[in-house]
Amino acid sequence: MPLYEGLISTRAIRRYTGEPVPDDVLRDILFAATRAPSGSNRQPFRFIVLTDGAVAAEAKRMIGAGARKFWEAKRLADGYGKGSGTRVDSPKSRLARTMQHYVDTYESVPVVILACFIRYREAAHTDGGSVFPACQNLLLAARALGYGGVMTSWQYAVDAELRTLLAIPDEVEIVSTITIGRPAGRHGPVRRRPLPELVYGERWGEAPVWAVDPPGVTHTAAGPPRDT
Ligand SMILES: Cc1cc2nc3c(=O)[nH]c(=O)nc-3n(C[C@H](O)[C@H](O)[C@H](O)COP(=O)(O)O)c2cc1C
């Protein structure tokens, strides 16, 4: 698949077939992840890949329990069962069903990857910038090889337990949890806000004339509140 096409059509995949991800595929995905850029090429990222061992099962159980609590609170707070969420075919209720299925079956997700950052200095605002490009490389590589995944921050609820279980040193932060598997659904064009809402020229809020969406692009209503 052409690189550009992959970039604009890699969706968050939260439903997987039960198929395991073979070791050589994991190797290729993680190889691409670890080829990502980082500040001064320090490569402070590390990845803990949890598949089907006893420790992996325990980690998935911990994260899954946290995920279910998180989603239940978000579902209620964000009113997923209200407004368009009451219509069975609305994007809101489809997302709610996908999320519910994701957290309910978390223990059977084929691969859970913890992306970590080795802290080598006091906190700096660019720290995440040396890990998140590797996370996106990982997701894009998975897509390129016929798989899919999604990044979450569900490790936070069980950070201390995971550190103990996985012998993670104090100077290391777990920055995200990525699940990977063979998609039960499909990738496809991602929907975002219109380009001129997101790209400005010489003044904040004013799009340059060239900032127009290609023909046929559809948009999402998701995002922060807007004036119009
Ligand atoms: C920093 C970050 C945190 C995220 N946290 C979560 C999360 O906690 N749970 C989840 O299901 N998805 C999470 N996501 C996935 C986003 O919801 C997803 O990328 C976004 O809705 C776009 O989805 P799409 O590419 O399929 O359109 C996160 C993504 C990012 C980049």
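How each quantity is defined
- Residues numbered from 1 in each chain as written.
- Predicted model: local features only at pLDDT ≥ 70, side-chain atom pairs only at ≥ 80, totals over all residues.
- Heavy atoms only, no water.
- Domains from an automatic or database assignment.
- Phe/Tyr/Trp six-rings, centres within 6.5 Å; stacked < 30°, edge-to-face > 60°.
- Buried < 20%, exposed > 50% of the residue type's maximum accessible area, 1.4 Å probe, protein only.
- Lys NZ or Arg CZ within 6 Å of the ring centre and 35° of its normal.
- Core = buried A, V, L, I, M, F, W, Y, C linked by side-chain atoms within 4.5 Å.
- Helix = DSSP H or I, 4+ residues; strand = E, 2+ residues; numbered from the N terminus.
- Pairing = 2+ DSSP bridges.
- Axes fitted to C-alpha atoms, helices over the stretch in contact; angles between N-to-C directions.
- Near = heavy atom within 4 Å.
- Polar contact = N/O pair within 3.5 Å; in protein donor to acceptor, adjacent residues only side chain to side chain.
- Areas by Shrake-Rupley, 256 points an atom, 1.4 Å probe, with all protein chains shown as cover.
- 1 Å grid on protein atoms, 1.4 Å probe; cavity = no way out; pocket = protein on both sides within 12 Å on 5 of 7 lines; lining within 4 Å.
- Points joined across faces, edges and corners; volume = space filled by probe spheres on them.
- Nonpolar A, V, L, I, M, F, W, Y, C, P; charged D, E, K, R; others polar.
- Left-handed = near helix turned anticlockwise from the far one by under 90°.
- Contact = heavy atoms within 4.5 Å.

Peer 1: Can you walk me through the domain arrangement of the protein chain in this structure?
Peer 2: For an interface, size is often stated in terms of accessible area lost upon the parts coming together. Taken domain by domain, the protein chain consists of domain 1 (3-187) and domain 2 (191-228). Measuring from the centre of the C-alpha atoms in domain 1 to the corresponding centre in domain 2 gives 27 Å.

Peer 1: Could you clarify how one ought to interpret the packing of aromatic side chains in this entry?
Peer 2: The description of an aromatic ring pair uses the distance of the two centres, along with the angle that the planes make with each other. Summed over all chains, the structure comprises eight aromatic pairs. Judged by centre distance (6.1 Å) and plane angle (40 degrees), the rings of F45 and F47 are tilted. Both residues of the pair, F45 and F47, belong to the buried class. Taken together, a centroid distance of 4.6 Å and an interplanar angle of 75 degrees make the contact between Y200 and W204 edge-to-face. The partly exposed category is assigned to Y200, whose relative accessible area is 28%. Grouping aromatic residues by their ring pairs yields a cluster made of F70, Y102, Y106 and W154. It is R182 that lies over the ring of Y147; its NZ or CZ is 4.3 Å from the centre.

Peer 1: I keep staring at the nonpolar core and nothing clicks. Help me out?
Peer 2: Grouped burial of nonpolar side chains is what soluble globular proteins tend to show. The biggest cluster of nonpolar side chains holds 27 residues, and the ones touching the most others in it are L50, I63, Y102, Y106, L114, W154 and L162. Considering each element in turn, this core owes the most residues, six residues, to helix α3 (residues 54-77).

Peer 1: Help me understand the sheet that holds strand β4 (residues 172-181) in this model?
Peer 2: By way of backbone hydrogen bonds, the strands of a sheet pair with one another, either parallel or antiparallel. Taking strand neighbours across the sheet as the criterion, the four strands line up as β1-β2-β4-β3 in an open arrangement whose pairing is antiparallel. Because the sheet does not close on itself, it has two edges, and the strands there are β1 (45-50) and β3 (148-152). For this sheet, the mean inter-axis angle between neighbouring strands, taken without regard to orientation, is 25 degrees. Pairing of β3 with β4, which is carried by five bridges, proceeds in the antiparallel orientation.

Peer 1: Where do I start with the site of the ligand in this structure?
Peer 2: Near the ligand you find T10, R11, A12, R14, M99, V150, M151, T152, S153, W154, V190 and R192, and these make up its full shell. Within the backbone of M151, an N or O atom sits 2.8 Å from a nitrogen atom of the ligand. Within the complex, the protein chains bury 58% of what would otherwise be the 640 Å² of accessible surface of the ligand. In terms of residue count, the dominant contributor to the shell around the ligand is β3 (three residues).

Peer 1: Mind showing me how you'd approach the layout of surface pockets here?
Peer 2: Over the atoms rolls a probe the size of a water molecule, and its path tells where empty space is left. The calculated volume of the largest pocket comes to roughly 1,400 Å³. Looking at the largest pocket, it is lined by 33 residues, and the ones nearest its centre are A12, R14, P91, L95 and R191. Elements with a contribution of two residues or more to the lining of the largest pocket: α3, α4 (91-104) and β3. Among the residues forming the lining of the largest pocket, the class breakdown is 14 nonpolar, eight polar and eleven charged. Looking at which domains feed residues into the lining of the largest pocket, each of domain 1 (3-187) and domain 2 (191-228) gives three or more. Taken together, 28 residues make up the lining of the second largest pocket; nearest its centre are L7, I8, S9, V190 and R192. Contributions of two or more residues to the lining of the second largest pocket are made by α1 (3-7), α5 (132-144), β3 and α7 (195-198). Taken together, the residues of the lining of the second largest pocket break down into 16 nonpolar, seven polar and five charged. Each of two domains, domain 1 (3-187) and domain 2 (191-228), supplies a minimum of three residues to the lining of the second largest pocket.

Peer 1: Help me understand the packing of helix α2 (residues 23-33) against α5, please; the structure alone is not making it clear to me.
Peer 2: Working note: a packed helix pair is described by the angle between its axes plus the distance between those axes. Running from N to C, α2 and α5 cross one another at 145 degrees; their axes reach a closest spacing of 7 Å. Considering the relative orientation of α2 and α5, their crossing is right-handed. Contact with α2, carried on its side by I29, L30, A32 and A33, involves A134, N137, L138, A141 and A142 of α5 and no other residues of that element. Its residues assigned to classes, the contact of α2 with α5 shows eight nonpolar, one polar and no charged.

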